[in-house]
Amino acid sequence: MVDFVFRCAYCGKTFTPSQVTYTCPEDGHNLDVLLDYETLRRNLHPAHIWNAGEPSLWRYLLLLPVTDPGGQGTPLRRVGWTPLEEAPRLREVLDQPFLWLKDESPNPTASFKDRASAVVLAQAREMGARVVVTASTGNAGAALAGLAAALGQRAVILAPRSAPRPKVAQLLLYGAQVVLVDGTYDDAYDLSIQAAQAWGWYCRNTGYNPFTTEGKKTAAFEIWEQLLRRVRTSRPWTVFVPVGDGNIISGLYKGFWDLHQLGWLERLPRLFGVQAEGSAAVARAFHAGREDVEPVRAHTLADSIAVDLPRDGFRALRAVRETGGTYITVSDDDILDAMRLLGRFGWFVEPAAAAALAGLRQARARNLIAPEDPVVLLLTGSGLKDPEAALRASPPAPVIEPRLEALERVLAR
Ligand SMILES: *Cc1c(COP(=O)(O)O)cnc(C)c1O
Ligand SMILES: [Zn+2]
């Protein structure tokens, strides 16, 4: 395992792994994992990774602060290494010839969150944790429950009572102990931390556990390996990322930053964060030039990015500022439109994922992005996660008698 220390994203103090578990003891901010870049630069060539040929995020084990968790022959081994697709017909319709889609739905539990849960579980195994707990609006919990089941690790998931039923069903089926909290996600969040402290459980919470970002950074490694190192462009790359707590965008930034430290990537892609208008705490802080993110009362159909108080807001602002990106807010109607458009070309995504495309369309309309700019959309989760939203995005199917004339009539409409 590569040597590392933690460094507070806010005050810059460093800590050894034996000194802290979660956040900065001084100010409570999130910790970045600093690898031993000097040793890595000396001993590691990217070809070590390319040639190993491992078709999952475990291909980057040499750049992760954990040891291999095992789990051979289970879905834990196929997290990550998701496809990066050219979408030729979508390129045409959008007039965006250098567009790629990074589709996260092939992950074992069908969302980007598997990357974080896989690496947190590797750490839990190393610590000998008896129980891993997380608060979740759905996807993070499903990722922890599913991959914990694969490893035989006990998991407890605290979800708000309002979590979408299909997501709760997935949690339950994985055999995790699921408890619905009569309150908000934020209430479940605080309760999970209390429980972890009281009973010595290991807590996976987003924007709290420093290993989630390390898992999520592997998507940046993949975008680099699958695309940036192969396709030379004169214009800068832009990656559109849906943002709720801000942990995914912080993770992508961390991945590109790691590659830069290693000397493998010259210029970091610009990160464009996309939030729902009704849940735009980070975007607001960004455009007001503030460093602190003030909570909102989140209201959007994109439940995976509906967050009152973003738990990784500080780093989410940094990711965008340091790469010369920006924040964009989109309406729920824009999101539904984007879901329909993606569907027409073969990508069935949940609303939060469609927000990335809605963000690109708005950026084009406002000339923040030119047609010739090379762009990657991060499609973070499958449409099967939220069938209710898919029903809302589509007109109802007509019902007919089982006769050919009736069929003909309805098709002619
Ligand atoms: C969690 C999630 C997001 C947002 O990630 P944050 O780290 O909360 O910003 C986006 N899309 C999907 C599908 C998610 O599950
Ligand atoms: Zn600090």
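Structural notes, computed from the coordinates. Keep in mind the model is a prediction, meaning the values are calculated, not measured.

**Details of the coordination of the zinc ion (ligand 2)**
Within the protein, the atoms that donate to the zinc ion (ligand 2) are Cys8 (SG), Cys11 (SG), Cys24 (SG), Asp27 (OD) and Asp27 (OD), at distances of 2.1 to 2.7 Å. Mapped onto the sequence, the donors of the zinc ion (ligand 2) take the spacing C-x2-C-x12-C-x2-D. Separated by 19 residues along the polypeptide, Cys8 in strand S1 (residues 4–8) and Asp27 in the loop between strand S2 (14–15) and strand S3 (31–35) bring together distant segments of the chain.

**Description of the pairing of S1**
Of the two faces of S1, the one holding Phe4, Phe6 and Cys8 is buried and the one holding Val5 and Arg7 is not buried anywhere. As defined by bridge partners, S1 adjoins S2 across two bridges and the pair is classed as antiparallel. Its bridge partner being in S2, Phe6 is matched across the sheet by Phe15. The hairpin turn running from S1 into S2, its antiparallel successor, is five residues long, and Gly12 in that turn takes a positive phi close to 85°.

**Describing the nonpolar core**
Counting residues in hydrophobic clusters, the biggest one holds 98 residues, and the most contacted among them are Ile249, Leu252, Phe256, Leu271 and Tyr327. Looking at this core element by element, the count peaks at eight residues for helix H8 (residues 211–228). In this structure Phe256 touches Ala220, Ile223, Leu228, Leu265, Leu268, Pro269 and Leu271, once residues within four positions along its chain are discounted. Residues Leu301, Ala302, Leu341 and Ala358 belong to the second largest nonpolar core, which totals 39 residues.

**A few points about the environment of Thr109**
Following the sequence through the fold, Thr109 ends up in the loop between strand S5 (99–103) and helix H4 (113–127). A residue is classified by how much of its surface remains accessible, and Thr109, at 2% relative accessible area, is buried. It is 8.9 Å that separates the C-alpha atoms of Thr109 and Val79, two residues lying 30 residues apart in sequence. Beyond its immediate stretch of four places on either side in the chain, Thr109 contacts Asp114, Ala142, Ala143, Gly146, Gln170, Tyr174 and Lys385.

Reading guide: rules and limits
Residues numbered from 1 in each chain as written. Chains lettered and ligands numbered in written order. Predicted model: local features only at pLDDT ≥ 70, side-chain atom pairs only at ≥ 80, totals over all residues. Heavy atoms only, no water. Donors = N, O, S within 2.8 Å, 3.2 Å for Na, K, Ca; no water. Helix = DSSP H or I, 4+ residues; strand = E, 2+ residues; numbered from the N terminus. Buried < 20%, exposed > 50% of the residue type's maximum accessible area, 1.4 Å probe, protein only. Pairing = 2+ DSSP bridges. Core = buried A, V, L, I, M, F, W, Y, C linked by side-chain atoms within 4.5 Å. Contact = heavy atoms within 4.5 Å.

Keep in mind these values describe shape, not function.
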